[in-house]
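# Observations on chain architecture
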Amino acid sequence: MEQTIPACLYCGRNSDAIPLIAIQYRSDTQWICPQHLPILIHKPEQLVAFLPGLENVTPADHNDHDHHQ
Ligand SMILES: [Zn+2]
């Protein structure tokens, strides 16, 4: 079995450099750092290269109350 060192899927930094948050996706554990977690929340489509299928994930929208201009 391949043993991989947990590292942020976006920037590749491991837990020696930055705290990592484990995310479970498609029965697989992925890791992301706090700096890039907001991308997963707000711009999941930017992570499609790392997590195939994320284009179907609806971003969390903090601007629900800002639709009136
Ligand atoms: Zn990162």
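Let us look at the structure shown here. (Residues numbered from 1 in each chain as written. Predicted model: local features only at pLDDT ≥ 70, side-chain atom pairs only at ≥ 80, totals over all residues.)

The next thing to look at is unusual backbone geometry. At R26, a position not held by glycine, the phi torsion is positive, near 50°. Examined against the element boundaries, R26 turns out to sit in the loop between β1 (21-25) and β2 (28-32). R26 gets classed as exposed once you count the C-beta atoms within 10 Å, which come to 8. Residue S27 is not a glycine yet carries a positive backbone phi of 65°. (Helix = DSSP H or I, 4+ residues; strand = E, 2+ residues; numbered from the N terminus. Buried ≥ 20, exposed ≤ 12 C-beta atoms within 10 Å, placed from the backbone.)

Quick look at the nonpolar core now. Core analysis: the largest hydrophobic core is formed by eight residues, namely C8, Y10, L20, W31, I32, C33, L40 and L47. Beyond its immediate stretch of four places on either side in the chain, Y10 contacts I32, H36, I39, L47 and F50. (Core = buried A, V, L, I, M, F, W, Y, C linked by C-beta atoms within 7 Å. Contact = placed C-beta atoms within 7 Å.)

Two elements, β1 and β2, share five bridges in a ladder whose sense is antiparallel. Residue pairing in the sheet places I21 in a bridge with I32 of β2. Hairpin connection of β1 to β2: two residues between the antiparallel strands, including R26 at a positive phi of 50°. (Pairing = 2+ DSSP bridges.)

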